[in-house]
Structures are given as structure tokens and as C-alpha cells.
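One letter stands for each residue in the lines below.
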Amino acid sequence: MNCVGVERRPFPLSFSVGEAEGLWRVSAGAARAGELADLLVAVANGAVAVVSLETNSYLDENWQALPPSLIAADLGVPCTVHPLGPWASGTNGLAEEFLVMERGLLPRFLDGTWSPYELALIDVPEDVSAEQLDELALVLGTTGFDEPLLSSLGASRVWFSGHDDCYVLLETRDPALPAAVLARLLALLAGSALAALAQGPVSRVPEPGPRLTERLIATAPHWIGALDEVTEDRVAVKLAALPDPWRLNVSFPRHADLIATLDVPRGTWRITAARRDDREGTV
């Protein structure tokens, strides 16, 4: 997760957001589903449906992934199982069964002891019916990748899809969630740097306040970030605005536009313009 490509370059922070008709769509990296679970449930309806799940952490004697319901049972997470049947097999974004759990149980389900390399979930009302779940499956199975999803689901407020336990794609009705995700990405990147420096786990890393990340989003919708100076007291992240969403083959530009800096002892973040040598150097 901390490196990319055959040259094993440090994995960059990436963030892209777009808004249309009251929906915000975010693509980002790098974050695991469990590292964003609390942000998702904070804006969700009363329940969450896990609609797609692939993992190598839970395999049967034939090296096939266990059904989501057995994974939840092993983790001790109470949920309702809604079977879809074989027709859903092979349909992008759908498992053969949905798990519906109280939204507060999602962090317990994604507890960090296992790794889903493909995961999709969406919030639903607590009293969601079997018929409504069948309708949800139909919408999920027939909506194109670039089409807005929540516009066809009047009750849902957030949809999340995670890939390779690293890439994030989400859609939300909550205008504050994109800035919260960007703040979490900065904290995760700084935390990984501090953990590497300490050669062990670190205590919780503070996140930037919403005004800082809202300022970034207002400046540009597409960003890439890479670690700069890292000490026990200071973590600096170089940030560059991109013309389009980041792709795996896009290197950090030859200049940084801004520097986001974490003051570790004070637990505060600030943004400054990049120095001239940062703008002209390479990362």
C-alpha cells in the first residue's frame, strides 16, 4: 500500500471530487475501507448493506472465498442476510447475498483483522424490506460505471466502493464528506510516515480541520500528494493540482503547488505556498 509500480515508488495521496445535481463523487487513494468506515456511517441512514465483497482472508478448504454471511458470523457481527441467488454471480458490484447491519456495526465488521480487496456498500433504512433490497440490486446491477447511482436511490445517502484495499470511489449527498475524506487521507499519509520513522505503530494522528481541506477543494478538484520532509516533530506533504483525476501511470509533477504540514507536538496542520525549489524540483 505504501509503494507502487515495479520501481516501488512511494504511493501518492490522490483525491478528485465532482458535483452534479446535489451529489458528490469522490475518487481517492490510498485508504482501506476500515479507515473510512466511521466517516461513512456518520452520514448514513440507520443501516448499511454490504452488497459486494471479495477477500483472500477467509477461504474454504477449496481456496474459495467464504460467503459474506459466514465472514460476519466469524467476526461476531449480527446482520440480516438477503440472498440474491446465482443470477448475481459475475455481475459487477454485486455479491450473491447482501448483508444488512446496523450502521454502527460497520467499523466492527471492518476491524482490521482481515482485508477485503473488493468491497461495496450502501446505506439503507433500518426497516428496509426484501423487496426494496431486490430493487436495490437491480439498480446496482444496471447502472453504468460513470452514471450517478444515488440519483436512482432516493433514500440512500452514501455509496462506497473500495478496490485492492487501497483505491476509493464513493458517492454521497453530504457536501461535507469529501472534505472529511481528504482530511483523513492526509492524516493517514502522515501517520504512515511517522510509523516508518518510529519503526512501529504511532498514536492517533490529528486530522486537518474542515476549513483547510475545504480550501483545497475550492482551489482545485484534483490533487496528488507526496511526502516531503519527515521528522519526529514535522511531516510535510507536497501537493500538486492536476488537470484530471490521478491515474496509476501519472508521476508527481515537476513542481508542487502547496505544502500541507503537520506540527506533531501541537497536533495542528497548515497550508503554505510551495517554496521556489519545491516548485522547480522533483519529488
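Structure shown above.
Here's what I pulled together on the structure shown here.

The rules behind the values
Numbering of residues begins from 1 in every chain and follows the order in which that chain's sequence is written. Side-chain atom pairs in this predicted model are given and counted only at pLDDT of 80 or more, local residue features only at pLDDT of at least 70, and totals for whole chains, interfaces and linings cover all residues. To get the side-chain values, take all heavy atoms of the structure and skip hydrogens and water. Three labels apply to residues, based on accessible area from a 1.4 Å probe with only protein chains included: buried if under 20% of the type maximum, exposed if over 50%, partly exposed otherwise in between. Every helix listed is a DSSP run of H or I at least four residues long, and every strand listed is a run of E at least two residues long, numbered separately from the N terminus. Here a strand pair is declared whenever DSSP counts at least two bridges between the two strands. To estimate how far a helix should reach, multiply one less than its number of residues by 1.5 Å. By nonpolar core we mean a set of buried residues, namely Ala, Val, Leu, Ile, Met, Phe, Trp, Tyr and Cys, connected to one another through side-chain atoms within 4.5 Å. It only takes one pair of heavy atoms within 4.5 Å for two residues to be counted as in contact. Inter-axis angles, ranging from 0 to 180 degrees, are taken between N-to-C directions of lines fitted to C-alpha atoms, where helices are fitted over the stretch in contact. Any carboxyl oxygen of Asp or Glu that lies within 4 Å of a side-chain nitrogen of Lys or Arg is treated as forming a salt bridge with it.

A separate point is the pairing of strand E10 (residues 167-172). By the criterion of burial, E10 is predominantly enclosed, with five of the six residues buried. Across five bridges, strand E4 (residues 23-29) lies against E10 in antiparallel orientation. Bridge pairing in E10 links Arg25 to Glu171. Across six bridges, strand E9 (residues 158-163) lies against E10 in antiparallel orientation. Residue Gly162 lies in a different strand from E10, and its bridge partner there is Val168. Between E9 and E10, which pair antiparallel one after the other, the connecting turn spans three residues, and Asp164 there sits at a positive phi close to 55°.

The next subject is helix H5 (residues 177-198). Over its 22 residues, H5 runs 31 Å from end to end, which matches the ideal 32 Å to within 8%, given 1.5 Å per residue. Of the residues one or two after H5, Gln199 is the one with positive phi, at around 55°.

In this structure, Leu106, Phe109, Leu186 and Leu216 are the most contacted members of the largest nonpolar core, which totals 58 residues. Sorting elements by how many residues they give to this core places H5 first, with 10 residues. Ignoring sequence-local partners within four residues, the contact set of Leu106 consists of Ala37, Val41, Val48, Met101 and Leu121. Core analysis: the second largest hydrophobic core is formed by 22 residues, Leu23, Val51, Val124 and Leu140 among them.

The residue after Gly29, namely Ala30, is reached through a cis peptide bond having omega 5°. Its place among the elements puts Ala30 in the loop between E4 and helix H1 (37-43). Located in the positive-phi region is Trp63, a residue other than glycine, with phi close to 65°. Note that Trp63 resides in the loop between strand E5 (47-55) and helix H2 (68-75). Trp63 gets classed as exposed once you look at its relative accessible area, which sits at 68%.

Turning our eyes to something else, we now look at the sheet that holds strand E14 (residues 268-273). Taken in spatial order, the 12 strands line up as E6-E7-E5-E8-E9-E10-E4-E3-E11-E12-E13-E14 in an open sheet, and their pairing is antiparallel. Of all the strands in the sheet, just strand E6 (80-83) and E14 have a single pairing partner and so form its edges. Taking the axes of each pair of neighbouring strands and ignoring which way they run, one obtains an average angle of 20° across the sheet. In terms of strand pairing, E5 meets strand E7 (residues 97-102) through four bridges, oriented antiparallel. Its bridge partner being in E7, Val50 is matched across the sheet by Leu99. Lying over the sheet, helix H4 (residues 130-142) contacts E5, E6, E7, strand E8 (116-124) and E9, oriented at roughly 120° with respect to E7. Docked against the sheet, helix H6 (residues 210-219) engages strand E3 (13-20), strand E11 (222-230), strand E12 (234-241), strand E13 (258-263) and E14, running at close to 30° with respect to E14.

A full pass over the atoms with the stated rule returns eight salt bridges. Salt-bridge contacts for Glu171 lead to Arg25; the nearest nitrogen and oxygen are separated by 2.8 Å. Of this pair, Glu171 sits in strand E10 while Arg25 sits in strand E4; the two residues are 146 residues apart in sequence, bridging distant segments of the chain. The salt bridge partner of Asp174 is Arg157, with a shortest N-O separation of 3.6 Å. Of this pair, Asp174 sits in the loop between E10 and H5 while Arg157 sits in the loop between H4 and E9; the two residues are 17 residues apart in sequence, bridging distant segments of the chain. Each of the salt bridges in this network shares a partner with another, and the network as a whole consists of Asp38, Arg184, Arg204 and Glu207.

By themselves, these figures tell us nothing about what the structure is for.
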